[in-house]
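What follows is the residue order along each chain.
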Amino acid sequence: MKKLLSLEALLALQRRCRFSLLLSTLFFLIALFALVSRWTAAYALIVFSCLFYMLSRRLSKRRYAEAFTQVRMQHLFSKDGRGFSSYSPSESAENALHDRGLISGPPCISGAKFHHVVHGTLSGLPVSIGEAAFVRRSAQHAIHSVAGTLITVSGLLPPEEKWVILRNDPFASFCAPGEYRSAGYAPFVPEADALPANTTAWQCPSASCTFLPACADTLASGTAEAPAALAACDGALSLFVTGAFYAPGNVDFSAAISPEAIDRFQFTPLTLIDQLVKHIAHA
């Protein structure tokens, strides 16, 4: 796992990426000159310059994207009582949705990975956050997938709490309601106020659901219209928001880095889980 990466280190990496791009341009000009001059090695130089450009640019973009994401997340975890512990480019996400109580039924296809994984603390509790895509094969052999960000806070809830809340059907066609029934869950029926609109909840009859109503209200108010699932399992609270990603899709290492933009960066799912942690801790 990678430790703290400073903004100065990110700037140094950016300079190396730019130098690599400049070097590839120089190799291409040399190859072009060799072709015009009818050198024997002209074609070999052209092939070398093209390969060098493609490989160095791909490697530079990957390294820079990881470093940029790490620095941005470090700044995000330095605010509002959060703490940054470590960053990892990838970790196993095998059975993550099942193990954290978010889905039931057949397991996902093996090989799932978390990307841009951050470990830290929220209000003194361990938290992990990572982007991942999960794939399942239905009984009719159709392929279904779901992708987004999964955040887990450990040790927040009593171990007897076991339930899942679904906002705007995050697992449409991925996990059918019948799978929760088959796993022993039952629809949650509130004693007082109804659940928020577009929200369904499942509880394990033999387990507790003390914090479910309050969490449903917070989930509905904090995710806007983003499909999301929230689950209590083994004392941990896990939030999966589909279509939500904090790593930039396309990082341009030729663009200037704005420390102010990095400092202002916010990620709505992390803000939401922060609100849930504080609400539960003070309940």
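In case you missed it, the structure is sitting above this.
Let me begin by describing the structure that accompanies this report. (Residues numbered from 1 in each chain as written. Predicted model: local features only at pLDDT ≥ 70, side-chain atom pairs only at ≥ 80, totals over all residues. Heavy atoms only, no water.)

### A short note on the overall build of the protein
Filter applied, for reference: Where helices and strands are cited, they refer to DSSP runs of H or I of at least four residues and of E of at least two residues respectively, numbered from the N terminus. It is over C-alpha atoms that the radius of gyration is taken, and the globule rule equals 2.2 Å times the number of residues to the power 0.38. Partly exposed describes any residue whose relative accessible area lies between the buried limit of under 20% and the exposed limit of over 50%, with all areas from a 1.4 Å probe on protein chains only and scaled to the type maximum. By the convention used here, residues are in contact when the closest approach between their heavy atoms is within 4.5 Å. Residue exposure ignores everything except the shown protein chains as possible cover, and the areas themselves are Shrake-Rupley values with a 1.4 Å probe. In this tally, Lys and Arg are treated as positive and Asp and Glu as negative; His is ignored, and so are the chain termini. In plain terms, the charge of a residue is placed at NZ if it is Lys, CZ if Arg, CG if Asp and CD if Glu.
When helices and strands are counted, the protein shows 7 helices and 9 strands. Its C-alpha atoms give the protein a radius of gyration of 23 Å, clearly above 19 Å, the size a compact globule of 283 residues would have. The principal-axis extent of the C-alpha atoms belonging to the protein is close to 85 × 45 × 30 Å. Out of the 283 residues belonging to the protein, those deemed buried represent 45%. Expressed as a percentage of contacts within the protein between residues at least 6 apart in sequence, the contacts between residues at least 24 apart total 71%. When the accessible surface of the protein is totalled, it reaches about 14,200 Å², and 59% of it is carbon and sulfur. Here the protein carries 23 positive and 20 negative side-chain charges, and the mean point of each set is 15 Å from the other.

### With respect to the pairing of strand β8 (residues 228–233)
Selection rule: Paired strands are those between which DSSP finds at least two bridges.
With 6 of 6 residues buried, β8 lies mostly within the body of the structure. Residues Ala 228, Leu 230 and Ala 232 of β8 are buried on one face, and the alternating residues Ala 229, Ala 231 and Cys 233, pointing to the opposite face, are buried as well. Relative to β8, strand β5 (residues 163–167) runs antiparallel, the two sharing 5 bridges. Residue pairing for β8: Val 164 is matched across the bridge by Ala 231.

### Focus on the pattern of salt bridges
To be explicit about the condition: One side-chain nitrogen of Lys or Arg within 4 Å of one carboxyl oxygen of Asp or Glu is enough to make a salt bridge.
Scanning the entire structure with this criterion turns up 6 salt bridges. Across the pair Asp 80 and Arg 82 runs a salt bridge whose closest N-O atoms are separated by 3.9 Å. On the basis of relative accessible area, Arg 82 is assigned to the buried category, the value being 9%. A network of salt bridges, in which partner residues are shared, links Asp 80, Arg 82, Asp 274 and Lys 278.

### What to know about the packing of aromatic side chains
Applied cut-off: Note on aromatic contacts: the rings of Phe and Tyr and the six-membered ring of Trp form a pair at centre separations within 6.5 Å, being stacked when their planes are under 30 degrees apart, edge-to-face when over 60 apart, and tilted otherwise. Charges are assigned to positions over rings by a cutoff of 6 Å between ring centre and Lys NZ or Arg CZ, combined with an angular limit of 35 degrees from the ring normal.
If you walk through the whole model with that rule in mind, you get 11 aromatic pairs. Taking 6.0 Å as the distance between ring centres and 85° as the angle between the ring planes, the aromatic pair formed by Tyr 180 and Tyr 185 counts as edge-to-face. Judged by its relative accessible area of 1%, Tyr 180 falls in the buried class. Look at Tyr 185 and you get buried, because its relative accessible area is 10%. Across the ring face of Phe 265, the terminal group of Arg 72 is positioned such that the distance to the ring centre comes to 3.9 Å.

### Description of helix α7 (residues 268–281)
Quick note on the threshold: A helix is expected to span 1.5 Å multiplied by its residue count minus one.
Its 14 residues give α7 an end-to-end C-alpha distance of 20 Å, which sits within 8% of 20 Å, the value for a rise of 1.5 Å per residue. Taken as a whole, α7 has its buried residues at Pro 269, Leu 270, Leu 272, Ile 273, Asp 274, Leu 276, Val 277 and Ile 280.

### A word on the nonpolar core
Going by this rule: What is meant by a nonpolar core is a set of buried Ala, Val, Leu, Ile, Met, Phe, Trp, Tyr and Cys residues, joined one to another through side-chain atoms within 4.5 Å.
Trp 163, Ile 165, Leu 230, Leu 237 and Ile 273 are the most contacted members of the largest nonpolar core, which has 39 residues in total. With residues up to four places along the chain from it excluded, the contact list for Ile 273 reads Leu 122, Ile 151, Val 153, Leu 230, Leu 237 and Leu 239.

### A look at the packing of helix α1 (residues 7–36) against helix α2 (residues 42–76)
The line we're drawing: Inter-axis angles, ranging from 0 to 180 degrees, are taken between N-to-C directions of lines fitted to C-alpha atoms, where helices are fitted over the stretch in contact. Roughly parallel here means an angle under 35 degrees, roughly antiparallel means over 145, roughly perpendicular means 65 to 115, and every remaining angle is called oblique. By convention, the crossing between two helices is left-handed when the near helix turns anticlockwise from the far helix through less than a right angle, and right-handed when the turn is clockwise. Any residue that is not Ala, Val, Leu, Ile, Met, Phe, Trp, Tyr, Cys, Pro, Asp, Glu, Lys or Arg is counted as polar, Gly included; the first ten are nonpolar and the last four charged.
In contact at an axis separation of 9 Å, α1 and α2 are set at 170° when each is read in the N-to-C sense. On the basis of their axis angle, the class for α1 and α2 is roughly antiparallel. Crossing of α1 over α2 shows left-handed handedness. Class assignment of the residues belonging to the contact of α1 with α2 gives a composition of 22 nonpolar, 6 polar and 2 charged.

### Re the pairing of strand β2 (residues 113–122)
Of the pairings in the sheet, the one linking strand β1 (residues 82–92) to β2 comprises 9 bridges and is antiparallel in character. Considered in β2, the bridge of Ser 86 is made with His 119. In this structure, β2 lies alongside strand β3 (residues 125–137), joined through 7 bridges in antiparallel fashion. Pairing of Thr 121 across the sheet is with Pro 126, part of β3. The loop that links β2 with its antiparallel partner β3 comprises 2 residues; one of these, Ser 123, has a positive phi angle of about 50°.

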